[in-house]
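# Descriptive analysis of the structure
What follows is each chain in one-letter form.
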Amino acid sequence: NCSAVEIVELIKSGHLTRVALDANGRGYMAILIDPAEIAPLVRLPDHGCLSMREVERAAQWSTAVVTALVDGGHLKTQTVRNPTKRSPQTVVHPTNLAEFQARYVSLSTLADELGIHFLKLKRELHDAAIQPASGLENGPATFYLRQSLRDFTPGRG
């Protein structure tokens, strides 16, 4: 995923050691190079952010949940160049994910944290008059403000 000019520059500068010529080829197309040798030389520096798939895995959310949070502006993203493919990529900075998770918790994550079945927990939260976070209540997952849970004790009633 680099330009022909970059390859020619790498050859001219002596950075490539595995260069050959195809005896049956003509012109530029007769030059044979090893893509594995080029890859590390044209790779961009790592941006230090999480791809959408990495966010899904880290937070244990589905694609639909991540998409809804991003599209709704709840999870801050940025567009950077992918270090390997060098094409634009939407990513989340780890601190943005951490800040979101410090402020909000999904019903399923909270159930896991408390060791309670999510349906029982949802009923207990409803009975305690704790509502889902405003602006996040209509997505594919239910999120609560962690602050609204600080006085909540599961199992009462």
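Look above for the structure.
Residues numbered from 1 in each chain as written. Predicted model: local features only at pLDDT ≥ 70, side-chain atom pairs only at ≥ 80, totals over all residues. Heavy atoms only, no water.

### Quick notes on the overall build of the protein
Helix and strand counts for the protein stand at seven helices and seven strands. Reading the protein from its N end, one meets helices and strands in the order α-β-β-α-β-α-α-β-β-α-β-α-α-β. In terms of overall size, the protein is more extended than a compact globule, its C-alpha atoms giving a radius of gyration of 25 Å where 157 residues would be expected to give roughly 15 Å. Classification of the 157 residues of the protein by burial places 29% in the buried group. Nonlocal contacts in the protein, meaning residues at least 24 apart in sequence, comprise 54% of its contacts between residues at least 6 apart. Of the roughly 10,200 Å² of accessible surface on the protein, 52% is carried by carbon and sulfur atoms. (Helix = DSSP H or I, 4+ residues; strand = E, 2+ residues; numbered from the N terminus. Rg over C-alpha atoms; globule rule 2.2 N^0.38 Å. Buried < 20%, exposed > 50% of the residue type's maximum accessible area, 1.4 Å probe, protein only. Contact = heavy atoms within 4.5 Å. Areas by Shrake-Rupley, 256 points an atom, 1.4 Å probe, with all protein chains shown as cover.)

### Some thoughts on the sheet that holds strand β3 (residues 50-51)
Read across the open sheet, the three strands follow the order β3-β5-β4; overall the sheet is antiparallel. Each edge of the open sheet is held by one strand with a lone partner, namely β3 and β4 (78-81). The sheet contact formed by β3 and strand β5 (residues 88-92) spans two bridges and is antiparallel. If you follow L50 over to β5, its bridge partner there is V92. (Pairing = 2+ DSSP bridges.)

Purely geometric numbers; function is a separate question.
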